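A look at the structure
The primary structure of each chain is shown beneath.
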Amino acid sequence: MGYTGRCACGAVTLQITAKPIATRQCWCRQCQSIAAGGPTNNAMFPADAVHIDGTLGAATWTAASGNTLTFHFCPACGTQVYAQSSARPHIKTTRLGVIDQPHDLAPQAVIWTDEAPAWAVFDPALERFDRQPPAPPPPPASQG
Ligand SMILES: [Zn+2]
Ligand SMILES: [Zn+2]
């Protein structure tokens, strides 16, 4: 059970040894900035289940939610690898784009639709949140 992944240039590789706690598509303004105008698509994994080889760059911003978010990326190619919230240090919010395909991951919810552009299209089958959704549950004590 798990996933492998890499950035666009291959300098950063991932081994993920758990299923995600949640998967989400985020349309907040900061995600649009880093995702070329679209949403980010993310899988929230227990932090200790995400093993990364290679050197990451990092930038820390205050998110729309008010939490401090640190964005980790490959400094060679710019690929976004994962984000970590000050409110949830036990979770690495990993970008679906770095996870090797084929995989079984897809967004279960669409969040921050209030900040999406007028042309955005939301999957009607997915749970939708205008802004920040409730926090995901903490990981089971048996993990890790
Ligand atoms: Zn890279
Ligand atoms: Zn976002």
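Coordinates for the structure precede this section.
For the structure given in this document, a descriptive report is provided here.

Conventions used here
- Throughout this document, residue positions are counted from 1 along each chain, in the order its sequence is written.
- Written order decides the labels, with chains lettered from A and ligands numbered from 1.
- In keeping with the model being predicted, local features are shown solely for residues with a pLDDT of at least 70 and side-chain atom pairs are shown and tallied solely at 80 or more, while totals for entire chains, interfaces and linings include all residues.
- Note that the side-chain values use all heavy atoms of the structure and ignore hydrogens as well as water.
- Coordination here is defined by N, O and S atoms within 2.8 Å of the metal (3.2 Å for Na, K and Ca), and since water is not considered, a site can look incomplete.
- Under the classification used here, a metal with four donors is tetrahedral if each angle lies between 85 and 135 degrees, square planar if opposite donors are over 155 degrees apart and the others between 65 and 115, a six-donor metal meeting that same test is octahedral, and anything else is irregular.
- A run of H or I in DSSP counts as a helix once it spans at least four residues, and a run of E counts as a strand once it spans at least two, with each numbered from the N terminus.
- Throughout this description, buried means an accessible area under 20% of the type-specific maximum (1.4 Å probe, protein chains only), exposed means over 50%, and partly exposed covers the range between.
- Every residue pair with non-hydrogen atoms within 4.5 Å of one another is taken to be in contact.

1. Points about the coordination of the zinc ion (ligand 1)
The zinc ion (ligand 1) binds to the protein through Cys 7 (SG), Cys 9 (SG), Cys 74 (SG) and Cys 77 (SG), with metal-donor distances spanning 2.3 to 2.4 Å. Coordination at the zinc ion (ligand 1) is tetrahedral: its four donor atoms span angles of 107 to 112° at the metal. Along the chain, the residues donating to the zinc ion (ligand 1) fall in the pattern C-x1-C-x64-C-x2-C. One end of the pair, Cys 7, is in the loop between β1 (3-6) and β2 (13-16); the other, Cys 74, is in the loop between β7 (68-73) and β8 (80-85), with 67 residues separating them in the sequence. Comparing Cys 7 with Cys 74, the two get one shared label, buried.

2. Some remarks on the environment of Val 98
Tracing the sequence through the fold places Val 98 in the loop between β9 (91-95) and β10 (109-111). For the pair Val 98 and Ile 52, spaced 46 residues apart in the sequence, the C-alpha separation amounts to 11 Å. Residues contacting Val 98, with those up to four places away along its chain left out, are Thr 4, Gly 5, Arg 6, Leu 14, Thr 79, Gln 80 and Val 81.

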